[in-house]
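Here's the letter readout for the chains.
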Amino acid sequence: MKDMQEIIAAPASPVSTSQTEAFYARLRSELIGGAFPSGERLKTAHMANRYGVSLSVVREALTRLASEGLTVASSRRGFCAAGISVAQIEQQADAMREIETICLRRSIAAATPEWQDHVEARFSRLAATPVHNADADLAISSAFSVNYAEFRDALVSACDNPVLLDVRRRLRDLGLRHESVCIGLGAQSSSAADDHRPLLDAALARDGALAVRLLSKRINANARLFVAAYRRAYGC
């Protein structure tokens, strides 16, 4: 099974084997995976020592990640992990709904038999994955999160506009960070994998309008889930 590192791997680069690229990819994965709490300071000297890289490598990675919205640069505090708030969760979901539904509609319009096989395979993997951790009531499992992300990636994979797909990827990664942090705060779900089957059926039936409505509903429901976890944790 793929893990979060593979799902959120950084875009390909001609110097991807360099130490800078390797550190950037690792730190990016850890930020998206929720390893750094909202607003945590990312001290360059500490990180260079922790990861065994130079200060310049750390600074370059943090600067690049700031351009992706995963870190925040401050003249007084240096770099911090991007903060999360109710407004940010809701704004990311709003943007994701707008962009991903466009990608989905175009993907369905350009669908091929290979696309259908790919979507069905990803849904089969999702359906075989427990939604919840065995040791925690209703806590969302990381394996389910990964397979759900793959399923949605597959749905839009036939979209013929790479610019739209790149914007969607950046929004997806930001959303995965929100999800990871909120799961850490106790985000719970009573849903099951079969709850996503109507979206699969609509996509395979080439019913773009219905698929868009179902996807929008799911994005809204997920945002409410994460907002509820955030508010429980911080009393807001």
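Because the structure is predicted, anything quoted here is derived from the model rather than measured. Within any chain, residue numbers begin from 1 and follow the written order of that chain's sequence. Residue-level local features of this predicted model are given only where pLDDT is at least 70; pairs of side-chain atoms are given and counted only at 80 or more, and the full residue set underlies all totals for whole chains, interfaces and linings. Side-chain metrics rest on all non-hydrogen atoms present in the structure, leaving aside hydrogens and water.

A. Region of interest: the packing of helix α6 (residues 113-127) against helix α9 (residues 197-204). An axis is simply a line fitted to the C-alpha atoms; with a helix, the fit covers only the stretch in contact. Between two such axes, the angle follows the N-to-C directions and lies from 0 to 180 degrees. Numbering of helices and strands starts at the N terminus; helices are DSSP runs of H or I of at least 4 residues and strands are runs of E of at least 2. Put simply, α6 and α9 touch, their axes get as near as 11 Å, and they point 170° apart. By the criterion of interaxial angle, the relationship of α6 to α9 is roughly antiparallel. Taking contact as the criterion, the partners of W115, Q116, V119, E120 and F123 in α6 are, on α9, R197, L200, A203 and L204. Any angle that falls under 35 degrees is termed roughly parallel, while one over 145 is termed roughly antiparallel, one within 65 to 115 roughly perpendicular, and all others oblique. What makes two residues a contact is simply this: any of their non-hydrogen atoms within 4.5 Å.

B. How the structure looks around empty space enclosed by the protein. For each structure, a 1 Å grid was placed over the protein atoms alone; sets of points admitting a 1.4 Å probe that cannot get out are labelled cavities, open sets with protein on both sides within 12 Å along at least five of seven lines are labelled pockets, and lining residues have an atom within 4 Å of a point. Grid points are joined across faces, edges and corners, and a volume is the space filled by probe spheres set on the points. Applying the stated criterion to the full structure yields one cavity of 30 Å³ or more. For the largest cavity, the calculated volume is near 270 Å³. Residue lining of the largest cavity: 19 residues in total, with Q92, R152, G175, E179 and N222 positioned closest to the centre. Taken together, the elements giving at least two residues each to the lining of the largest cavity come down to α5 (86-109), α7 (142-156), α8 (162-184) and α10 (208-234). A total of six residues in the lining of the largest cavity trace back to one element, the largest contributor, which is α8.

C. Geometry of the nonpolar core. Judged by nonpolar contacts, the single largest core of 42 residues is most densely connected at I89, L104, V119, F144, F151, L155 and L199. Secondary-structure elements contributing two or more residues to this core are α5, α6, α7, α8, α9 and α10. In terms of residues, this core owes the most to one element, α10, which gives nine residues. Ignoring anything within four residues of it in the chain, the contact list for L155 reads L104, S107, W115, V119, L199 and A203. Among the buried residues, those of types Ala, Val, Leu, Ile, Met, Phe, Trp, Tyr and Cys that are joined through side-chain atoms within 4.5 Å form a nonpolar core. With a 1.4 Å probe rolled over the protein chains alone, any residue whose accessible area is under 20% of its type maximum counts as buried; one over 50% counts as exposed, and the rest are partly exposed.

D. Representation of the packing of aromatic side chains within the structure. For this analysis, a ring pair means two rings from Phe, Tyr or Trp (six-membered ring only for Trp) whose centres lie within 6.5 Å, classed as stacked if their planes differ by under 30 degrees, edge-to-face if by over 60, and tilted for the remaining angles. Counting across every chain of the model gives four aromatic pairs. A centroid spacing of 4.7 Å and a plane angle of 45° characterise the contact between Y230 and Y234, whose relative ring orientation is tilted. In this pair, Y230 and Y234 both sit in helix α10, four residues apart, roughly one turn of the helix. With relative accessibility at 15%, the residue Y230 sits in the buried group.

E. Fine view of the pattern of salt bridges. Within this document, salt bridges are pairs made up of a side-chain nitrogen of Lys or Arg and a carboxyl oxygen of Asp or Glu, the two lying within 4 Å of each other. Tallying each qualifying case throughout the model produces 16 salt bridges. Here D94 ties to R97 by a salt bridge, and the two come within 2.5 Å at their closest N and O atoms. On the criterion of helical spacing, the pair formed by D94 and R97 is a turn pair, its members being three residues apart in helix α5. Within the structure, one salt-bridge network assembled from shared partners comprises R28, E68, E100, R152, D153, D166, R168, R169, R170, R172 and D173.

F. Up close: the environment of F23. Position of F23 among the secondary structure elements: in helix α2 (residues 19-32). Placed 30 residues apart in sequence, F23 and V53 show a C-alpha to C-alpha distance of 7.9 Å.

G. Broad picture of unusual backbone geometry. Phi at R206 is positive, roughly 60°, even though this residue is not glycine. Structurally, R206 is set in the loop between α9 and α10. Classification of R206 by relative accessible area gives partly exposed; the value is 36%.

H. Highlighting the pairing of strand β2 (residues 78-81). For two strands to count as paired, DSSP must find a minimum of two bridges between them. Across four bridges, the pairing between strand β1 (residues 71-74) and β2 is antiparallel. Following the sheet pairing, S74 is matched in β2 by G78. The turn joining β1 and β2, which pair antiparallel and follow one another in sequence, is formed by three residues.

I. Structural detail: the packing of α9 against α10. Between α9 and α10, the shortest axis-to-axis distance is 8 Å and the interhelical angle comes to 155°. Put simply, α9 runs roughly antiparallel to α10. Crossing of α9 over α10 shows left-handed handedness. Residues P198, L199, A202 and A203 of α9 lie in contact with α10, whose contacting residues are L210, A211, L214 and L215. Residues are sorted three ways: Asp, Glu, Lys and Arg are charged, Ala, Val, Leu, Ile, Met, Phe, Trp, Tyr, Cys and Pro are nonpolar, and all the rest, Gly among them, are polar. Of the residues in the contact of α9 with α10, the class split is eight nonpolar, no polar and no charged. Helix crossings fall into two classes, left-handed where the near helix is turned counterclockwise from the far one by less than a right angle and right-handed where it is turned clockwise.

Just distances and angles here, no functional claims.
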